[in-house]
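Coordinate analysis (summary)
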Amino acid sequence: MTGTPPRTSGSSPLPVYLTSAVLARTADEGARVALVLLATQRADSPALGGALVAALMIPHVAAAPVVGVLADSVRRRRLFHGSAVALYGAALVALAFLVGTVDDVLTLALAAAAGCVAPLLTGGLTGLLAELLSKDRLTRAFSADAVSYNLAGICGPAVAAALGTAVGAGTALAVLGSGATTGGLLLFSLRLRPRPRVGRRTERRRFRPADLVRGVVEVVRNPPLRSVTWGSGVAQLGVGALPVVSVLLAAEYHAAWAAGGLMTAFAAGALAGSLSYACRPVGRHRPERVVLWGLPATGVPLAMVPWAGDAVAAAALFAMAGFCTGPLFSALLASRERYAPAPVRTQIFTLGAGLKSTFAAAGAGAAGALSGLGAVPLMLGAAACQVLAGTLALALLTGRRTGRDGTGTGLAGGSPRPSASVRDTPRGR
C-alpha cells in the first residue's frame, strides 16, 4: 500500500489546514509587493526590488520537481511540510531586516533560497488533502483550497500595500513572514501519520534521481493529467497578461483606480466562483470536463471588454471571467488528485503549479513587450489564449494510454480512470 488511509472520524482537519494555507499563501503573494516597496523605501532602488521578486519567483519553477519528489519520498510529512513553511516565513522576516542594510548579493541569495521552498506553499500543501480527508470529501475540500488561493491573491498585496504605506515596508514584510511561520507551526498539529515501513526499510524514503522525471512522464502520458496541466498552463499566458492590460485600460478610461481595480474584480469573481462550486460541485466525477468548459468560458467575458465603454463595465466583465476560473481551478486540483499516481502525487501538484507560474510570467513579459499595440489587441489576445487552451486541453484528453490490462484510457478509449498505480490502492478504488 502506498500511503496512509485518510481519517474518517473525529474532528475535521480542514479548518486548521485552510488557516495554515491562507497564512502561507498570503505571505507568498504579499511578499512580491512588499519587497519592491522595501527596496524602494530603504535603498531607493526599484531595480533591487524587481531583482528580489525575480529571485523569489524563479525557483518556484526550477525547484518544483525536486521539492515534489522530496515531499513524496519523506516519511514524516508533517515535520517536512511544517518546517518548510515555517522556514519560508523566517526567511521573509530576515529579509525585512536585511534588505538595504547588507550586501545585495546576500539578500538575493536568501530570497532565492526562500523561493526554493515556495512550491510547498502552493501545490505541496494541496497534495496533503488526500492524506487528510476521505475521498467523498475531497471535491469540496479542493474548492475550499481554491478559495484560499483567491483570498491570498486579494489579501496579500492589499496587506503589503496598506502596511507598507502606514508603517513601512519592512514591518509589512515581517508581518507577512510571521504569518507564514505561524501557518507552518499549525501544520505540526495535523494528523499526518508517518509513511509505513516495508520490512527494514521505509517505503519510498530514499530519494533517487530517476524520480525527478516520473511526474513529467505522467503529465505527458496520462491523458487527463496532461490535458488539465497543459491546458491550464496555456491559459495562464492570457491571465498573466491581464495586469499589463489593466494598466493600459485604466489609461484609456482615464480611471486610475482601474489599474489595480480590474484585477481585484477578477480575483473577487474567482473567489465567488470557488465558493459557488464548493456549495454545488457540478461534474465532480469528471473534473477534467469542468476544466474543458471553464477555459473558453473565461475567455468570453474577456473578449467583450474592448466594447465595455467604461471602467465600471470592464470591471464587471473581469469579475465574470474570474467567476469562471473558480470552478475551473477547483476542478483542476481535483483532477490532479484523481489521476495522479500516489507515489508522485505531490510532485504532480508542485510541477503543475510551477508550469502555471512559468506561463503566467511569459504572458506578462509578452504583454509588456507588446504594450505599444494598445489595450484592445492585447485584451483580445488574452481572451484567445483561453479558447486556445480549451482546444488544446480537449485534443490532449482524446489521446490514448495503454494500461497494464491493455485497455486504453481517455475519451478515445472510454471513461478516463486513474492510472494503475492509483487503482491498486484503497484511495484509487
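Residues numbered from 1 in each chain as written. Predicted model: local features only at pLDDT ≥ 70, side-chain atom pairs only at ≥ 80, totals over all residues. Heavy atoms only, no water.

Moving on: the environment of serine 276. Assignment of secondary structure puts serine 276 in helix H12 (residues 258-279). Given a relative accessible area of 36%, serine 276 falls into the partly exposed group. Along the primary structure serine 276 and phenylalanine 323 are separated by 47 residues, whereas in three dimensions their C-alpha atoms are 9.0 Å apart. (Helix = DSSP H or I, 4+ residues; strand = E, 2+ residues; numbered from the N terminus. Buried < 20%, exposed > 50% of the residue type's maximum accessible area, 1.4 Å probe, protein only.)

Taken as a whole and judged by the stated rule, the model has 2 aromatic pairs. Ring centres of phenylalanine 142 and phenylalanine 349 lie 6.4 Å apart, and the angle between their planes is 25°; this geometry places the pair in the stacked category. Linking phenylalanine 142 in helix H8 (residues 138-166) with phenylalanine 349 in helix H15 (residues 345-369), this pair joins segments that are 207 residues apart in sequence. On the numbers, 4.9 Å between centres and 90° between planes, the contact of tyrosine 149 with phenylalanine 329 is edge-to-face. Here tyrosine 149, found in helix H8, pairs with phenylalanine 329, found in helix H14 (residues 311-339); they are 180 residues apart in sequence, far enough to count as distant. Per residue, the accessibility class of tyrosine 149 equals that of phenylalanine 329, and both read buried. Over the ring of tyrosine 149 we find arginine 25, and its NZ or CZ is 3.9 Å from the ring centre. (Phe/Tyr/Trp six-rings, centres within 6.5 Å; stacked < 30°, edge-to-face > 60°. Lys NZ or Arg CZ within 6 Å of the ring centre and 35° of its normal.)

The next point concerns the nonpolar core. In this structure, Tyr17, Tyr88, Leu129 and Leu173 are the most contacted members of the largest nonpolar core, which totals 66 residues. Among the elements that take part in this core, helix H1 (residues 14-43) stands out by supplying 11 residues, more than any other. The contact partners of tyrosine 17, leaving out residues within four places of it in the chain, are Arg25, Leu125, Thr126, Leu129, Leu132, Asp145 and Leu190. (Core = buried A, V, L, I, M, F, W, Y, C linked by side-chain atoms within 4.5 Å. Contact = heavy atoms within 4.5 Å.)

In this model, helix H11 (residues 223-253) (31 residues) spans 44 Å end to end at C-alpha, consistent with the 45 Å of a helix rising 1.5 Å per residue. Trailing H11 by a residue or two, histidine 254 shows a phi angle of about 55°, which is positive. (Expected span 1.5 Å × (residues − 1).)

As a packed pair, helix H13 (residues 287-304) and helix H16 (residues 375-397) sit with axes 8 Å apart at the nearest point and diverge in direction by 165°. Classified by the angle between their axes, H13 and H16 sit roughly antiparallel to one another. Considering how the two elements wind past one another, H13 and H16 form a crossing that is left-handed. Two secondary-structure elements touch here, H13 through Glu288, Leu292, Leu295, Pro296, Thr298, Gly299, Leu302 and Ala303 and H16 through Met379, Leu380, Ala383, Gln386, Ala389, Gly390, Ala393, Leu394 and Leu397. (Axes fitted to C-alpha atoms, helices over the stretch in contact; angles between N-to-C directions. Parallel < 35°, antiparallel > 145°, perpendicular 65-115°, else oblique. Left-handed = near helix turned anticlockwise from the far one by under 90°.)

This part is about unusual backbone geometry. Trans is the prevailing form of peptide bonds, just as negative phi is the prevailing case for residues other than glycine. The phi dihedral of aspartate 44 is positive, around 50°, even though this residue is not glycine. Within the fold, aspartate 44 resides in the loop between H1 and helix H2 (46-62). Not every positive phi belongs to a glycine, and histidine 254 is a case in point at roughly 55°. In this structure, histidine 254 sits in the loop between H11 and H12.

Tracing the chain through its elements places threonine 26 in helix H1. A polar side-chain atom of threonine 26 sits 2.6 Å from the main-chain carbonyl oxygen of valine 22. Look past the residues within four positions of threonine 26 in its chain and what remains in contact with it is Ala152, Cys155, Gly156 and Leu176. (Polar contact = N/O pair within 3.5 Å; in protein donor to acceptor, adjacent residues only side chain to side chain.)

Right, let's get into the pattern of salt bridges. Under the defined criterion, the tally for this structure stands at 3 salt bridges. Arginine 77 is paired through a salt bridge with glutamate 131; the nearest N and O atoms lie 3.1 Å apart. Here arginine 77 is found in helix H4 (residues 77-98), whereas its partner glutamate 131 is found in helix H7 (residues 129-132), with 54 residues between them in sequence. Glutamate 131 carries the same exposure label as arginine 77, and that label is buried. A salt bridge links arginine 286 to glutamate 288; the shortest N-O distance between them is 2.8 Å. Across the pair, exposure class does not vary: arginine 286 and glutamate 288 are buried alike. (Salt bridge = Lys/Arg side-chain N within 4 Å of Asp/Glu carboxyl O.)

Overall, the predicted model of the protein reaches an average pLDDT of 80, with 85% of residues at or above 70. For residues 1-5, every residue scores under 50 in pLDDT, and the model assigns this stretch 15 contacts once sequence neighbours within four places are set aside. (pLDDT = per-residue confidence, 0-100.)

It is worth spelling out the environment of valine 247 at this point. As for its position among the elements, valine 247 is in helix H11. Assessed through its relative accessible area of 46%, valine 247 is described here as partly exposed.

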